[in-house]
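For reference, the chains in residue letters:
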Number of protein chains: 2
Amino acid sequence: MTFVLDKQIERDSVFVQDLKLCTVRLSKNAAFPWLVLIPKRPNMAEILDLNEEDRQVLYSEIEHCARALQKLFKPTKLNIANIGNVVSQLHIHVIARFKTDPAWPNPVWNSGVMKEYSEAELDARLASLRTTLAQVLQSK
Amino acid sequence: MTFVLDKQIERDSVFVQDLKLCTVRLSKNAAFPWLVLIPKRPNMAEILDLNEEDRQVLYSEIEHCARALQKLFKPTKLNIANIGNVVSQLHIHVIARFKTDPAWPNPVWNSGVMKEYSEAELDARLASLRTTLAQVLQSK
């Protein structure tokens, strides 16, 4: 069986980069630097559904993304979460949060805060994320 | 420097069990089977603040707690998250969520849903959690 990205995740985010296990996407919500990691394995809902080897890779890829957001944005706090109550396909949020962001200190989900990227902003953000992810991966 | 549990976490939860790295506590919010893991290391806010060895132990202890909640409650979905925007001491939520719970499908944080355990309910829940955590740890 092949991995197919969930339609709602596809609609709400844009492709950043493929890692060994996960495809990394950026939420279209410009209010927060917000990455979503989706393990490219079919029929997974829980982290525990992955085999042990994949789980180790997942943790390491979450750390790569978290380090990239730290390096780029110097956030007040990282928010890292697997929720998946609405979209069941396994996906992990890695979000840079700031004391100054419009939902702080509440979680971003259901915060009602939504901002669109302009095309130029989105291109710039994707470019900086790709560069920084590559730097973080090389420095490991 | 010694680890001291954050006062708000202490107030909002009760002790379940000490693992190698984390102290495991149960949220006093009886609306959800809700564990909180706090690594017993001083001055940690991010998972990335832990050294690599501790991070590996943390992931494994999160998995133990997640398996225990799965075994005990057969939830619709596990929610696993490090948020920490309000309480900065590093802590990880592992929560059993159900299609029938009063906040579903929203996240539990800021859901406004709060229910108290009776003393008997709390004792029973702590006992079953301790038994099941021990079973899960033994079966590894």
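Only a predicted model underlies this, so the values are computations on that prediction, with no experimental measurement involved.

Visitor: Describe in detail helix α2 (residues 52-73) of chain B, supporting the description with residues and values.
Guide: Because each turn of an α-helix spans 3.6 residues, side chains separated by three or four positions in sequence point in the same direction. Residue and element names in this part refer to chain B. In this model α2 runs 31 Å from its N-terminal to its C-terminal C-alpha over 22 residues, within 8% of the 32 Å that 1.5 Å per residue would give. The opening residue of α2 is asparagine 51, an N-cap whose side-chain oxygen sits 3.2 Å from the backbone nitrogen of glutamate 53. At the exit of α2 stands lysine 74, carrying a positive phi of roughly 45°.

Visitor: Describe the pairing of strand β1 (residues 13-18) of chain A, with residues and values.
Guide: Residue and element names in this part refer to chain A. Pairing between β1 and strand β2 (residues 22-27): 5 bridges, direction antiparallel. Looking at the pairing, serine 13 lines up with serine 27 of β2. The antiparallel hairpin formed by β1 and β2 contains 3 residues in its connecting segment.

Visitor: Go over unusual backbone geometry, please, and point to the residues and values.
Guide: Cis rather than trans, the peptide bond between tryptophan 104 of chain A and proline 105 of chain A has omega equal to -5°. Along the chain, proline 105 of chain A falls in the loop between β5 (92-97) and α3 (119-138). The phi angle at asparagine 43 of chain A is positive, at roughly 60°, despite the residue not being glycine. Position of asparagine 43 of chain A relative to the elements: it lies in the loop between β3 (34-39) and α2 (52-73). Take asparagine 43 of chain A: its relative accessible area is 65%, and that puts it in the exposed class. Positive phi is not limited to glycine here, since asparagine 110 of chain B has a value of about 60°. Checked against the element boundaries, asparagine 110 of chain B lands in the loop between β5 (92-97) and α3 (119-138). The exposure class assigned to asparagine 110 of chain B is exposed, which follows from its relative accessible area of 59%.

Visitor: Give a description of the packing of aromatic side chains that names residues and reports values.
Guide: This structure, assessed with the given rule, holds 4 aromatic pairs over all chains. Summarising the aromatic geometry, the rings of tyrosine 59 of chain A and tyrosine 59 of chain B are spaced 4.3 Å apart at their centres and angled 20° between planes, so their arrangement reads as stacked. Here the residue tyrosine 59 of chain A occupies a position in helix α2, and tyrosine 59 of chain B occupies one in helix α2, the pair thus bridging two chains. Assessed through its relative accessible area of 7%, tyrosine 59 of chain A is described here as buried.

Visitor: I'd love a proper account of the relation of the copies chain B and chain A, names of residues and values included.
Guide: After a rotation of 180° and a shift along the axis of 0.0 Å, chain B superposes on chain A with an RMSD of 0.0 Å. Taken together, the rotation and translation relating the two chain copies correspond to the operation of a two-fold axis. No C-alpha of chain B lies nearer the rotation axis than that of alanine 81 of chain B, which sits 2.0 Å from it. The residues that chain B uses at the interface reappear at the interface of chain A in 100% of cases, marking a shared surface.

Visitor: Could you give me a rundown of the packing of α2 of chain A against α2 of chain B, with the residues and numbers involved?
Guide: For any two helices packed against each other, one specifies the inter-axial angle together with the distance between the axes. At their nearest, the axes of α2 of chain A and α2 of chain B sit 11 Å apart, and the two run at 120° to each other. Regarding the angle of α2 of chain A to α2 of chain B, the classification is oblique. At the point where α2 of chain A passes α2 of chain B, the crossing takes the right-handed sense. Touching Arg55, Gln56, Tyr59, Glu63 and Arg67 of chain A of α2 of chain A are Arg55, Gln56, Tyr59, Glu63 and Arg67 of chain B, all from α2 of chain B. Looking at the contact of α2 of chain A with α2 of chain B, its residues break down into 2 nonpolar, 2 polar and 6 charged.

Visitor: If you had to explain the interface of chain B and chain A to someone new, which residues and values would you point to?
Guide: Chain B puts 28 residues into the contact, and the matching count from chain A is 28 residues. Both faces combined, the contact of chain B with chain A buries some 2700 Å², and carbon together with sulfur accounts for 49% of it. Contact with chain A buries surface across chain B, with Leu48, Lys77 and Asn85 of chain B losing the most and accounting together for 25% of the total. Between the two partners, chain B and chain A, sit 4 salt bridges. Linking glutamate 46 of chain B and lysine 77 of chain A is a salt bridge whose minimum nitrogen-to-oxygen distance equals 2.9 Å. Our count for the contact surface shared by chain B and chain A stands at 24 residue pairs in polar contact (both at pLDDT 80 or more). Secondary-structure elements contributing two or more residues to the side of chain B that touches chain A are α2 and β4 (77-82) of chain B.

The rules we used
Residue positions are counted from 1 within each chain, in the order its sequence is given. Labels follow written order: the first chain is A, the first ligand is 1, and so on. Selection of residues for local features in this predicted model requires a pLDDT of at least 70, selection of side-chain atom pairs for listing and counting requires 80 or more, and totals for whole chains, interfaces and linings are taken over all residues. Hydrogens and water molecules were not included; the side-chain quantities draw on all heavy atoms of the structure. The secondary structure listing takes helices from DSSP runs of H or I that are at least 4 residues long and strands from runs of E that are at least 2 residues long, numbered from the N terminus. Take the residue count of a helix, subtract one, and multiply by 1.5 Å to get its expected span. Polar contacts here mean pairs of N or O atoms no more than 3.5 Å apart (in protein, one a potential hydrogen donor and the other a potential acceptor; neighbouring residues in sequence count only if both atoms are side-chain atoms). Note on pairing: two strands pair once DSSP finds at least 2 bridges between them. Here's how the labels work: a residue is buried when its accessible area is under 20% of the maximum for its type, exposed when over 50%, partly exposed in between, all with a 1.4 Å probe on protein chains only. When two rings of Phe, Tyr or Trp (its six-membered ring) have centres within 6.5 Å they constitute a pair, described as stacked for plane angles under 30 degrees, edge-to-face for angles over 60, and tilted for the intermediate range. Least squares is the method used to superpose the copies, on C-alpha atoms of residues holding a pLDDT of at least 70 in both. Contacts were defined at the residue level, with two residues in contact if any of their heavy atoms lie within 4.5 Å. Lines fitted to the C-alpha atoms define the axes, with helices restricted to the stretch that makes contact. Angles between their N-to-C directions range from 0 to 180 degrees. Oblique is the label for any angle not under 35 degrees, not over 145, and not in the 65 to 115 range, which are roughly parallel, roughly antiparallel and roughly perpendicular in turn. Here a crossing is called left-handed whenever its near helix is offset anticlockwise from the far helix by less than a right angle, and right-handed whenever the offset is clockwise. Gly is placed with the polar residues, together with every amino acid not listed as nonpolar (Ala, Val, Leu, Ile, Met, Phe, Trp, Tyr, Cys and Pro) or charged (Asp, Glu, Lys and Arg). Buried area is calculated as the accessible area (1.4 Å probe) missing from two parts once they are joined, with the contributions of both summed. Here, a salt bridge means any side-chain nitrogen of Lys or Arg that lies within 4 Å of a carboxyl oxygen of Asp or Glu.

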